[in-house]
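Chain residues, written in single-letter form:
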Amino acid sequence: MSTLAVAGRGDLLFAAAELIERDGDKVSRRVMSADALGIAPPELLDRLGRRRDPFAGLALERPLIVGVVNITPDSFSDGGRYLAPDAAIAHALRLEAEGADILDIGAESTRPGAAPVDLQEELRRVMPVIEALVPKVRARLSIDTRKAEVMQRAARAGVALINDVSALTHDPGALQVAAETGLPVVLMHAQGDPRTMQDDPRYADVVLDVYDWLAARIDACERAGIPRSRLIVDPGIGFGKTLAHNLALLGALSIFHGLGCPILLGASRKSFIGKLTGADVADRLPGSIAAALLGVQQGVQILRVHDVAATRQALAVWEGTQGA
Ligand code: HH2
């Protein structure tokens, strides 16, 4: 029996795949063995199978950990703890020591209901922390922002990655600025704006809608001069999604390999864990680890987490069993 090696990885072999075709409201699904996949569009097979290029000098053969640094008063899990620059810098250094490959620095909460932060305030929070960390850390720095000017200033200061939860749609200048920086970009799916996104999110088929939306964002980026090899996709767990939507996406993460980009998963401490278990945000580490492992099992290459040491340990056990 032949297997399909996904994303150029010898450890990510699928014996079967589901071929899904959508035409308006009509969706056809066929589960087929890897031998029979020749009938799938060649371009799709190429995207599924092609080895992912390293980004920011990081290879993607084993999962990478992004540690979250929130310089905000109101983030859903750690708001106010790292608002002072020294506290944010110390936290970032701790996450690096715990094994973070990337540190994602953000100064605007995008939790449900969060109010937007104005440009000057975002710059005032984020730039001193980036400037202090650039000469100090080996880990790559990522800027978590929706604003073109923040992207530009952070890029000049030495960040290696742009992470935009609006996939370069929020700020009309973001596509061009991101292209000019030459940096890799995380395109995250969100439905609606943080303030209202949880009001009544609806999809025809959440997995296919998120997939098609990300495919359209990749096209827009390519047209703006950002090649696919510089893009990372993220289904945006918790961003305009009900519990059922989040669970459907988590169960179908491997479909996003069809976009031909590395996949980032941000499930850490999110509300679906609370909804499933009743755990408060401070007690969601076990559920976060379960979600992270569900992701890497489906070939997710990048995990965005608050608890780096615990995730590192879980990955070490998972990786240990992979070669066994
Ligand atoms: N989630 C959050 C923020 N940024 N970026 C990506 N790519 N993917 C995510 O899932 C994601 C993200 C929300 O988490 P956090 O930063 O801890 O909270 P807040 O937005 O309240 O600051």
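As a convention, each chain's residues are numbered from 1 in the sequence order in which they are written. Side-chain atom pairs in this predicted model are given and counted only at pLDDT of 80 or more, local residue features only at pLDDT of at least 70, and totals for whole chains, interfaces and linings cover all residues. The basis for every side-chain value is the complete set of heavy atoms in the structure, and neither hydrogens nor water enter the calculation.

Participant: Lay out the environment of Leu 187 in plain terms, naming residues and giving numbers.
Facilitator: Its location among the elements puts Leu 187 in strand S9 (residues 185-188). On a C-alpha basis, the gap between Leu 187 and Ala 114 in space is 20 Å, while along the polypeptide they are 73 residues apart. Other than its neighbours up to four places away in sequence, Leu 187 contacts Asp 164, Ala 167, Leu 168, Leu 214, Arg 217, Ile 218, Cys 221, Leu 231, Ile 232, Val 233 and Asp 234. Secondary structure elements are defined from DSSP: runs of H or I of at least 4 residues count as helices, runs of E of at least 2 residues count as strands, and each element is numbered from the N terminus. Contacts are assigned to residue pairs with any non-hydrogen atoms lying within 4.5 Å of each other.

Participant: Provide a residue-level description of unusual backbone geometry, including the pertinent values.
Facilitator: Positive phi, normally seen in glycine, also occurs at Ala 56, with a value near 50°. Here Ala 56 shows up in the loop between helix H1 (42-49) and strand S5 (64-70). Any residue under 20% of the maximum accessible area for its type is buried, any over 50% is exposed, and the rest in between are partly exposed; the area is computed with a 1.4 Å probe on protein chains only. By relative accessible area, Ala 56 is classed as partly exposed at 26%.

Participant: An account of the pairing of strand S6 (residues 102-106) is requested, with residue identities and associated values reported.
Facilitator: For S6, the buried fraction is high: five of the five residues fall into the buried class. For S5 and S6, the ladder comprises five bridges, and the chain directions are parallel. What sits directly across from Asn 70, in S6, is Gly 106. Of the pairings in the sheet, the one linking S6 to strand S7 (residues 140-144) comprises five bridges and is parallel in character. Within S7, the residue paired with Asp 104 across the bridge is Ser 142. When DSSP finds two or more bridges between a pair of strands, those strands are recorded as paired.

Participant: Explain the sheet that holds strand S8 (residues 161-164) to me, and be specific about the residues and the numbers.
Facilitator: Pairing in this open sheet of eight strands is parallel, and the strands run S10-S9-S8-S7-S6-S5-S12-S11 from one edge to the other. In this open sheet, the two edge strands, each paired with only one partner strand, are strand S10 (231-234) and strand S11 (264-265). Examined bridge by bridge, S5 and strand S12 (residues 302-305) share four bridges and lie parallel to one another. Across the sheet, Ile 65 pairs through a bridge with Leu 303, a residue of S12. In this analysis, axes come from line fits to C-alpha atoms, helices being fitted only over the stretch in contact, and the angle between any two N-to-C directions falls in the range 0 to 180 degrees. Along the sheet, helix H10 (residues 308-322) makes contact with S5 and S12, crossing S5 at roughly 170°.

Participant: Can you lay out the pairing of S12 for me, pointing to particular residues and giving the numbers?
Facilitator: Of the two faces of S12, both are covered, the one formed by Ile 302 and Arg 304 as well as the one formed by Leu 303 and Val 305. Pairing analysis gives two bridges linking S11 to S12, with the strands arranged parallel. Within S12, the residue paired with Leu 265 across the bridge is Leu 303.

Participant: Run through the nonpolar core, naming residues and quoting values.
Facilitator: To form a nonpolar core, buried Ala, Val, Leu, Ile, Met, Phe, Trp, Tyr and Cys residues must be joined to one another through side-chain atoms within 4.5 Å. Leu 103, Ile 105, Val 126, Leu 168, Leu 187 and Phe 256 are the most contacted members of the largest nonpolar core, which totals 70 residues. With seven residues, helix H6 (residues 206-223) is the single largest residue contributor to this core. With residues up to four places along the chain from it excluded, the contact list for Leu 103 reads Gly 67, Ala 92, Leu 95, Glu 96, Val 137, Ala 139, Arg 140, Leu 141 and Ser 142.

Participant: Explain the pattern of salt bridges residue by residue, including any values.
Facilitator: Salt bridges are counted wherever a side-chain nitrogen of Lys or Arg sits within 4 Å of a carboxyl oxygen of Asp or Glu. Under the defined criterion, the tally for this structure stands at 24 salt bridges. Of the charged contacts, one joins Arg 51 and Glu 61 as a salt bridge, the two residues approaching to 3.6 Å between their closest N and O atoms. Of this pair, Arg 51 sits in the loop between H1 and S5 while Glu 61 sits in the loop between H1 and S5, placing them ten residues apart in sequence. Look at Glu 61 and you get partly exposed, because its relative accessible area is 40%. Among the ionic pairs, Asp 101 bridges to Arg 312, the shortest N-O distance being 3.0 Å. Within this pair, whereas Asp 101 is found in the loop between helix H2 (85-97) and S6, its partner Arg 312 is found in helix H10, the two being separated by 211 residues in sequence. Asp 101 sits in the buried class, given a relative accessible area of 16%. Through salt bridges that share partners, Glu 108, Glu 122, Arg 146, Lys 147 and Asp 193 make up one connected network.

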